[in-house]
Amino acid sequence: MKLSPILLHGIAATAIAIACACPSHAAKMLPQMVVTRVDNAPVMDGKLDDSAWAKAPEYGGFTVIGMVNTPAKVPTYVKSVTDGKAIYVGFRCVEPGISGIKDKFSEREGTISLDESVEMTIDPTGDGKTFYHLISNIYAQKYAAMITTSSTGACIEDINWTGVWDTSTSRSDKEWYAEIRIPLSTIGADLAHNSLFRANFNRTRGAANTEYTSWSTNQVKFVETANMGEMVFPAANGTYCAIGFPRLAVTGTGLQNIPLDVVNHTNSQIRPKLDYKITGTQSSSGNVRLKAVPAGTELATALPLKFDKQGVYNLHVTATDSTSGAPIYAFNREIRVTQVIDFDEALYALYQNRADASIRVRIPVEGAALKVSFMKAGAKSPIAVKVFNALTADPVKVSFSLAKKPMGTYLMRAELVKSGKSTGISYSRNYPYKPNPKIGFDKYGFMKVDGKPFFPIGIYNLRTRLGTPDDKVAEITEDIMQQAKAAGFNSTVLYDYEPSNLMPLLDSCQRNDIKAFVYPTVPFDKLKRIETPDEIRKAIDIRRNHPAVLGWYVVDEPEGIGLAPAEAVRDVYQIIKEYDQDHPCELVIMSTRASREYRSATDIMWADPYPLPDWPVTLVSDVVSGSIANIEKDKPMWLIAQAYDWTAFNTGKLTKPHRPNPDETRCMTYLGLVNGAKGMIYWAHTAGKYYIRDYPEHWDAVKRMAKELGVLTPALTTPSITGKLSTSTKPTAIQTMLKKVDGEWYTFAVNSSTAECSESFRLPSLANGARLDVLFEGRSVSAINGGWTDTFKPLEVHVYKVAAK
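Residues numbered from 1 in each chain as written. Predicted model: local features only at pLDDT ≥ 70, side-chain atom pairs only at ≥ 80, totals over all residues. Heavy atoms only, no water.

1. Focus: the overall build of the protein
So, step 1. The secondary structure content of the protein amounts to 11 helices and 51 strands.
So, step 2. Scaling as 2.2 N^0.38, a compact globule of 805 residues should have a C-alpha radius of gyration of about 28 Å, and the protein matches this with 29 Å.
So, step 3. In terms of overall dimensions, the protein has a C-alpha envelope of 90 × 70 × 65 Å along the principal axes.
So, step 4. The burial tally for the protein puts 57% of its 805 residues in the buried class.
So, step 5. For the protein, long-range pairs separated by at least 24 residues make up 69% of all intrachain contacts whose partners lie at least 6 apart in sequence.
So, step 6. Total accessible area computed for the protein in this model is approximately 32,100 Å², and 50% of it derives from carbon and sulfur atoms. (Helix = DSSP H or I, 4+ residues; strand = E, 2+ residues; numbered from the N terminus. Rg over C-alpha atoms; globule rule 2.2 N^0.38 Å. Buried < 20%, exposed > 50% of the residue type's maximum accessible area, 1.4 Å probe, protein only. Contact = heavy atoms within 4.5 Å. Areas by Shrake-Rupley, 256 points an atom, 1.4 Å probe, with all protein chains shown as cover.)

2. Some points on helix H11 (residues 696-716)
So, step 1. Bending of H11 peaks at approximately 40° at the position of Gly 710, with proline Pro 714 no more than four residues after it.
So, step 2. Within the sequence span of H11, burial applies to His 698, Trp 699, Ala 701, Val 702, Lys 703, Met 705, Ala 706, Glu 708, Leu 709, Leu 712, Ala 715 and Leu 716. (Bend = angle between axes of the 7 residues up to and from the residue.)

3. Considering the packing of helix H8 (residues 618-630) against helix H10 (residues 662-674)
So, step 1. Their axes nearest at 8 Å, the elements H8 and H10 cross at an angle of 20°. As far as their axial angle goes, H10 and H8 are roughly parallel. Pair H8 / H10 crosses with right-handed handedness. Of the residues in H10, those touching H8 at Thr 618, Val 620, Ser 621 and Val 624 are Met 668, Leu 671 and Gly 672.
So, step 2. Across the contact of H8 with H10, the residue classes break down as 4 nonpolar, 3 polar and no charged. (Axes fitted to C-alpha atoms, helices over the stretch in contact; angles between N-to-C directions. Parallel < 35°, antiparallel > 145°, perpendicular 65-115°, else oblique. Left-handed = near helix turned anticlockwise from the far one by under 90°. Nonpolar A, V, L, I, M, F, W, Y, C, P; charged D, E, K, R; others polar.)

4. Some words on the sheet that holds strand S27 (residues 396-401)
So, step 1. Read across the sheet, 3 strands follow the order S23-S24-S27 without closing on themselves; strand pairing throughout is antiparallel. The sheet is open, and its two borders are formed by strand S23 (341-346) and S27, each paired with just one other strand. On average, adjacent strands in this sheet sit at an angle of 25° to one another, irrespective of strand direction.
So, step 2. Pairing between strand S24 (residues 354-361) and S27: 6 bridges, direction antiparallel. Note on S27: the bridge partner recorded for Ala 357 is Val 398. (Pairing = 2+ DSSP bridges.)

5. Points about the packing of aromatic side chains
So, step 1. Tallying each qualifying case throughout the model produces 29 aromatic pairs.
So, step 2. Pairing Phe 201 with Trp 215 gives two aromatic rings, centres 5.4 Å apart and planes at 55°, and the pair type is tilted. With Phe 201 in strand S12 (residues 196-205) and Trp 215 in the loop between strand S13 (211-214) and strand S14 (229-232), this residue pair connects regions lying 14 residues apart in the sequence.
So, step 3. Among the residues examined, Phe 201 registers a relative accessible area of 0% and is labelled buried.
So, step 4. In this structure Trp 215 comes out as buried when scored by relative accessible area, which is 6%.
So, step 5. Ring geometry for Tyr 610 versus Tyr 644: centroids 5.1 Å apart, planes at 75°, classification edge-to-face. On the criterion of sequence distance, the pair formed by Tyr 610 in the loop between strand S39 (604-607) and H8 and Tyr 644 in the loop between strand S40 (637-642) and helix H9 (646-651) is long-range, its members being 34 residues apart. (Phe/Tyr/Trp six-rings, centres within 6.5 Å; stacked < 30°, edge-to-face > 60°.)

6. Some thoughts on the nonpolar core
Nonpolar side chains in soluble globular proteins generally cluster together in the buried interior.
So, step 1. If you look at the biggest cluster of nonpolar residues, it comprises 135 residues, and the most contacted ones within it are Tyr 460 and Trp 606.
So, step 2. Of all the elements, H11 adds the most residues to this core, at 8 residues.
So, step 3. By size, the runner-up hydrophobic cluster in this structure holds 66 residues, among which are Phe 62, Phe 197, Leu 290 and Tyr 329. (Core = buried A, V, L, I, M, F, W, Y, C linked by side-chain atoms within 4.5 Å.)

Shape descriptors only; they carry no functional weight alone.
Below, the structure written as structure tokens:
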């Protein structure tokens with residue numbers, strides 16, 4: 001769960017597909033910035049007020065990451081100049097709450113990007129293979145890395161990169177500014193040969209509610225090669241040509257016309273000739289001659305390309321003036337070619353005796369219908385068929401019942417049909433179905449083990465601290481497990497993945513009746529190469545028959561480590577599901593947006609918002625509720641609650657009062673529950689240099705929470721009741737949840753603010769004078785006219801229990 005500082009902003013959203021049978025310039029084009037050439041370089045004082053900056057145009061339009069059409073709450077502007085020796089980038093960040101930004105350095109090592117900060121990624125060759133990521137926070141602290149892209153699309157960071165660059169910042173009453181200077185030699189660039197860079201500019205706004213925005217809107221995080229915009233370096237006389245290309249080009253097999261915009265900012269007419277070369281899943285090349293583009297005008301056109309196979313391609317285009325032979329422009333782009341009909345299968349729904357899919361028609365045909373057949377794998381005749389007419393750009397949601405169907409492997413066949421003729425066919429991945437798995441879920445998404453309700457009360461990594469002498473490991477491990485079980489914990493997550501280390505831990509779990517989530521094979525961040533399906537299955541074989549195994553820990557913070565693209569995670573998830581239907585899969589995301597990108601790669605979505613000490617505890621409720629809104633209606637969401645201290649994690653020593661304190665721990669726990677979490681696992685017992693038993697007060701607070709959750713398990717494994725409970729204050733800082741178990745109401749009320757308050761509740765079914773026991777507090781309150789009033793200290797939680805009519 002250690003955050004990667006360079007790819008820290010894991011923010012998920014739906015990918016945008018540009019799939020065109022004809023040119024379509026409604027497609028979102030990647031933005032372009034013209035870099036101004038200056039004779040005298042700016043002064044690096046962070047003020048952006050000298051003559052060099054005055055000559056440069058300013059670019060805004062920053063949008064929320066993952067939301068192309070959602071502008072930032074407050075604007076950010078960026079501009080760039082060059083003196084031929086270095087590139088200078090200036091940020092102007094509007095901030096109405098600038099007075100609230102603390103004038104001190106971040107205390108957390110390697111995480112300056114969590115502060116009020118700006119970032120840029122720059123690729124001087126445009127091929128997406130090697131690029132640079134620079135971060136400057138408002139205090140002019142800086143962080144940088146060189147990043148290379150693997151053949152799988154994973155970003156591999158080199159945090160030891162020692163490139164020379166500078167930053168300087170300043171602030172005014174309502175804005176702050178940052179200047180960044182990057183010598184061309186630092187990134188191996190020569191403007192005589194590289195007149196076009198790929199780049200993006202981003203901002204983390206931390207003064208108010210945290211907001212992540214970017215100039216060229218990314219879909220998931222701050223580092224995405226496919227979504228970089230462009231920095232154009234004009235000729236010495238200031239003229240240039242540019243070609244606009246759609247963001248995230250995704251198209252189908254066959255002949256496709258990829259939309260382009262040719263912009264002529266020179267003083268004369270050009271007649272472009274485009275020479276292209278495609279490499280990747282297949283290779284091809286060719287050229288296209290375009291009509292004349294007069295000076296100062298733009299041509300909307302298309303590049304016809306044919307793709308015979310699905311896969312990832314690199315497109316390199318060189319544009320020259322066919323009249324003079326002079327070079328005009330050159331660029332590299334990645335294109336993903338998919339099926340004409342694209343499936344997104346929701347395998348989690350197998351636990352609900354359903355086969356679900358979202359089906360998008362990438363290459364639409366006017367007047368065609370989508371025919372979806374559900375069948376047993378290998379069969380010729382379908383079990384059921386559904387037909388969808390009047391198709392739109394939105395995906396089609398389709399579901400088939402598996403009730404009373406035998407165990408086996410099923411699939412869907414989708415066909416685009418017009419006038420009785422097929423214009424495209426696609427098949428889904430396999431749906432491996434077992435009617436009654438050992439570990440499953442009820443219709444509300446609550447876990448069941450051997451058919452019985454199981455509310456997970458867990459803590460990560462129940463094991464000894466690193467460096468424990470070998471002859472003491474078994475003894476101390478057993479003591480740790482016994483203490484955890486006595487405290488009320490019933491589950492854990494183990495980081496050990498080598499069988500020689502993992503199996504003894506699982507044996508200790510079993511002796512103490514504790515279930516464990518474990519890695520099915522080598523974790524993504526430890527992989528040296530992509531494992532084969534056979535290798536993954538062999539690794540699962542070693543683990544899956546151990547009685548302590550609760551499920552598979554597929555990946556930890558995939559959007560953070562940068563080594564686990566969604567499709568790669570989904571491939572592993574599919575292999576696991578086809579081989580083992582008795583244990584569910586889970587993965588951990590860091591933020592709300594990532595839940596959308598990875599939602600089809602897991603059975604349970606876990607979220608680990610760790611707010612303290614920099615953010616309010618409401619980050620927990622925001623991330624849990626936001627993630628639930630992003631995933632399928634009955635996919636369970638669990639909270640990984642913060643139970644560690646940043647400074648101790650990094651250094652093994654506390655440099656400030658220990659966080660979180662008992663009140664914060666309890667508040668965060670219940671905020672997760674009232675917002676829909678169906679499981680609670682604390683991070684962590686042992687992690688990094690943090691060892692919770694070194695801090696008895698904190699360990700006792702977390703153990704008390706395990707006891708409380710155990711008492712409340714009957715209520716926590718029943719669905720919440722909406723529409724009955726109300727509060728008198730609108731809006732209120734009190735977040736609530738209502739349950740009913742065996743004729744008794746349970747009301748959960750959490751003060752999410754750091755201020756004391758009073759709140760009145762109304763539950764009409766309460767009898768006048770009814771006594772509400774306030775659990776875990778040894779007191780009660782009385783109902784008057786169907787309601788009651790109580791006071792709340794900062795972050796305080798009250799759980800009320802009363803017999804219902």
